[in-house]
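What follows is each chain in one-letter form.
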Amino acid sequence: MIKLGSESLADLSAGAVFLATGGGGDPYVAQLVAEQALDTYGPVDLMAPEELDDEAYVVAIGGVGAPTVSLELLPSIDEAIATLDAFEQRVGRRIDALVSFEIGGGNSLIPIVAAAARGIPVIDGDGMGRALPEAQMMTYPISGVLPTPAVATDYEGKVTTFDTTDILAFERDIRQCALSSGGMITSAEHPMSGRQLKAAIVPNTVSFSIALGRVLRANRGNARQIFEPLAALFRDSIYGGLHHLFTGKVVDSSTRIIGGYDIGQAHIQAFDDESRVLNISIKNEYLTAELNGQLLASVPDLITIVDYETSTPINAERLRFGQRVTVFGIGCPAFYRSARALEFVAPGCFGFDFDYRPIEELVATRTPAA
Amino acid sequence: MRIGIDVGGTHTDAVLLDGDQVVSAIKTLTTADVSGGVFNALEHLLDDSAVETDRIEAVMLGTTQFTNAVVERRQLSEVAAIRIGLPSGRGLPPMTGWPGDIAGELGGHAYMVHGGTLYDGRPLAELDAGEIATVVADIRRKGLDTVAISAAFSPMAAAPELAVAEQLRAALPGVNITCSHQIGRLGLLERENAALLNASLLAFSDRVVRSFSEALVRRGLRCPFYISQNDGTLMDAEFVRQFPALTFASGPTNSLRGASKLTGLEDAIVVDIGGTTSDIGVLQGGFPRESNVVIEVGGVRTNFRMPDILAIGLGGGSLVRDDGHSIGPRSVGHKLVTEGLAFGGSTLTATDLLVAAGKLDLGGDARPVSLAPAVVANGLATIGRMLNQGIERMLPSKDRLPVVLVGGGAVLVSGELEAAARILRPEHAGVANAIGAAIAQIGGEVERLVSYSEEPREDAIRRLSREAHANAVAAGADPATVRIADIEETTISYMAEGSTRLRLKAVGDIARINKGVAA
């Protein structure tokens, strides 16, 4: 178990935005809140999953909604605490540790805020190894953890409880709740035992994210310069290899809040050849990267867009006309390549009419024209 | 003919351009009242060139006064920050994350009231007239006359900010107000920060604009004058009075544009070496490359569009330590002329290294500098290493680019730089900023509410691009040079599905001077 203090937050947050694949909400405001929490309550224990008692009672906590909303409806320590209070009241027992839905973006920090306030540990790992838009896409339900009992609080402090054991019904209900509560809520859900957690979690992603943030900071430079150190880090991780997919200028980017998600497209044009255009489809996260019709990467593999000059990851809601960017693809954690997981995260689950093909395969068969 | 003036912290430079040609250039000292320095520069310039004042069509000013005010925490007014957004955001009040000294300069007057809008256009909470009245009473009690107002989702729905502004104006006649929806896009904290910095500069901006205007009138110039903004286009005096924060990065922008003009290069690295820092920027197609990341001004996060500049702590006045192995970031700055060894002082500066090496003759009263040869060699190697590393970091690809040296500290580079394809030291490099101001561009903006369900998005963008283009040309831009510089879309969710506020900006080179030049 290690102590996680506010000095680690900048690295954690930088790594988390990289793993957020465009979604996950604005990390800056979440980082401010987490700093406040750690400064007020002291460092948090970051516990490796194997250190957790099998009988421990853990709940996942984080924000649900459209990332754009987090730019305007600012999160707070109180909201995280209120959610935890409401959850404990609902289940009538104390929680032993917290874990995040997704390491990607601001949701990597919410459990830290709540754990700091409560003086309980946060587990080193998450339910996605990245960010994804819907509840049934987490490793927890795919591994058999029930979503409820669950509670959510909104910006006014209004509490909603959820009881359905059907994950798709739960996703519909909580999305509807977010939609009618300002577009963003904080939810405590997927309560599980230590034993269940160990079988379901993507392990060590919090410490990986800190290491990733450190690599980004230590190798400040453009995307070309940072490629090797980044690739070396990913090579020895639960993720697959890092691939350079494209570099160019954002010529169009548009997302809208539809049905509680940020939905849209971005077009990135090669610097030296106007006819080469990479199309990125977005549902909170970057889902696919297609170059002139040829697929280069798709969910559940990771697609990350960074500022070409500084290698700073750029979230979908911050993508703007004229930005010069590099698009990276990264193999997803092995869990998501199983047939069971692909039922929930394959391209078809997002409305695409093609099957999942691992990024290594797509990159290997990339034609010279692309 | 037109005049470009750059008012910096130390120098006020001026150039007279006849079309593309530099007729005359002058470097003078900035005076405490600004106006005196501008007048002196105009006086010298017009006397030198013997040009009649009525032949001057326009004066373009670039100034780092407002950036410097924020960075140096001076001339800033106290500001009441009113955020409309409770019950949301209580944990992160206005000025959260600001350096303590600048928050202190603004007085730390943070107020939060209920109200604002949700993403779907429904009210976040209703405005409470009583609550606002309490805030207004407190502002009156404190004697504050400047207010920044922000509200959740105000770029989509400005009404709550406008309502509070109205209540303030009614209660406090003459109050200065900046509303966040006027100056920023989505991203409450950054937009609020921009509004706060802008508001804190309003009184100073009024003085600066007035002193510019006085200097021009005193020298007999009756032509219009404009001030350059972040994106290299021009604003008129009234606009600057309201939005001084829009000048924040105009200095580097002008320097880069001036360097392009002086060398004819479209793609290059420009290193502007001053007394304390070297600012490295990149020209692409003749324009500064913009930064993609959130920019801090004086330690405060904002979301202005700004050129991508890498500032390294190396300038003419940088302190040399450790036998020349370490230079900067501390600098004697403008005191170089009294504290540097070559000027009879006792501090070893980067400039002294060049003098000791026999590579720089300061002339006049300058004294010889004698240093151990190893210190000189180490020092020159350190200068080269720092600049090479900085340039490497900014290079767009692995291909080297020409490097243009501008600024008073350009003398620090005596030989070649490995990271440069070649080095250019154009004539008039010392006044590149003033030249950049003189060739600032003309902008044409258009902002419309469109409905993508009635008109496909691509068609709407094409239609508005044509309109922005026409506006730029009407304002005096050369049609052949006009390009779309910015597209901004804001979903207006409370209206019919697909309703979007679309804002486009087109910019182009000046073809002629006429009224309404600024967008």
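In the block above lies the structure referred to throughout.
Let me begin by describing the structure that accompanies this report. Computed from a prediction, not measured in an experiment: that's the story for all the values here.

About the thresholds
- Residues numbered from 1 in each chain as written.
- Chains lettered and ligands numbered in written order.
- Predicted model: local features only at pLDDT ≥ 70, side-chain atom pairs only at ≥ 80, totals over all residues.
- Heavy atoms only, no water.
- Salt bridge = Lys/Arg side-chain N within 4 Å of Asp/Glu carboxyl O.
- Helix = DSSP H or I, 4+ residues; strand = E, 2+ residues; numbered from the N terminus.
- Buried < 20%, exposed > 50% of the residue type's maximum accessible area, 1.4 Å probe, protein only.
- Axes fitted to C-alpha atoms, helices over the stretch in contact; angles between N-to-C directions.
- Parallel < 35°, antiparallel > 145°, perpendicular 65-115°, else oblique.
- Left-handed = near helix turned anticlockwise from the far one by under 90°.
- Contact = heavy atoms within 4.5 Å.
- Nonpolar A, V, L, I, M, F, W, Y, C, P; charged D, E, K, R; others polar.
- Pairing = 2+ DSSP bridges.

Concerning the pattern of salt bridges
According to the stated counting rule, one finds 48 salt bridges over all chains in the structure shown. One salt bridge in this structure joins Glu309 of chain A and Arg324 of chain A, with 3.2 Å as the shortest N-O distance. Of this pair, Glu309 of chain A sits in the loop between strand E15 (302-307) and strand E16 (324-330) while Arg324 of chain A is found in strand E16, placing the two residues 15 residues apart along the sequence. No difference in accessibility class separates Glu309 of chain A from Arg324 of chain A, as the two residues are buried. In the salt-bridge network here, residues are joined through shared partners; they are Arg320 of chain A together with Arg185, Asp231, Glu445, Asp486, Glu488, Arg503 and Lys505 of chain B.

Observations regarding the packing of helix H2 (residues 27-41) of chain A against helix H4 (residues 110-118) of chain A
All names here are of chain A. The geometry of H2 relative to H4 is characterised by a closest axis approach of 9 Å and an angle of 15° between their N-to-C directions. With respect to each other, H2 and H4 are oriented roughly parallel. As H2 runs across H4, the sense of the crossing is left-handed. Taken together, the residues of H4 that come into contact with H2 (itself represented by Val33, Ala34, Ala37, Leu38 and Tyr41) are Ile112, Val113, Ala116 and Ala117. Considered class by class, the residues forming the contact of H2 with H4 number 9 nonpolar, no polar and no charged.

Side note on the sheet that holds strand E4 (residues 58-63) of chain B
All names here are of chain B. Across the sheet, which stays open at both edges, the 6 strands sit in the order E3-E2-E1-E4-E9-E10 with mixed pairing between neighbours. Both edges of this open sheet fall to strand E3 (21-29) and strand E10 (234-236), since each of them pairs with a single strand only. If you compare each strand with its neighbour and ignore which way they point, the axes differ by 25° on average. Alignment of strand E9 (residues 225-228) against E10, held across 3 bridges, turns out to be antiparallel. The partner of Ser228 across the bridge, within E10, is Leu234. Contacts from helix H1 (residues 35-49) reach strand E1 (2-7), strand E2 (11-18) and E3 within the one sheet, and its direction differs from that of E3 by about 140°. Its contacts with the sheet put helix H7 (residues 202-218) on E1, E4 and E9, and the angle it makes with E9 is roughly 140°.

Read these as layout, nothing more, since geometry by itself doesn't imply function.
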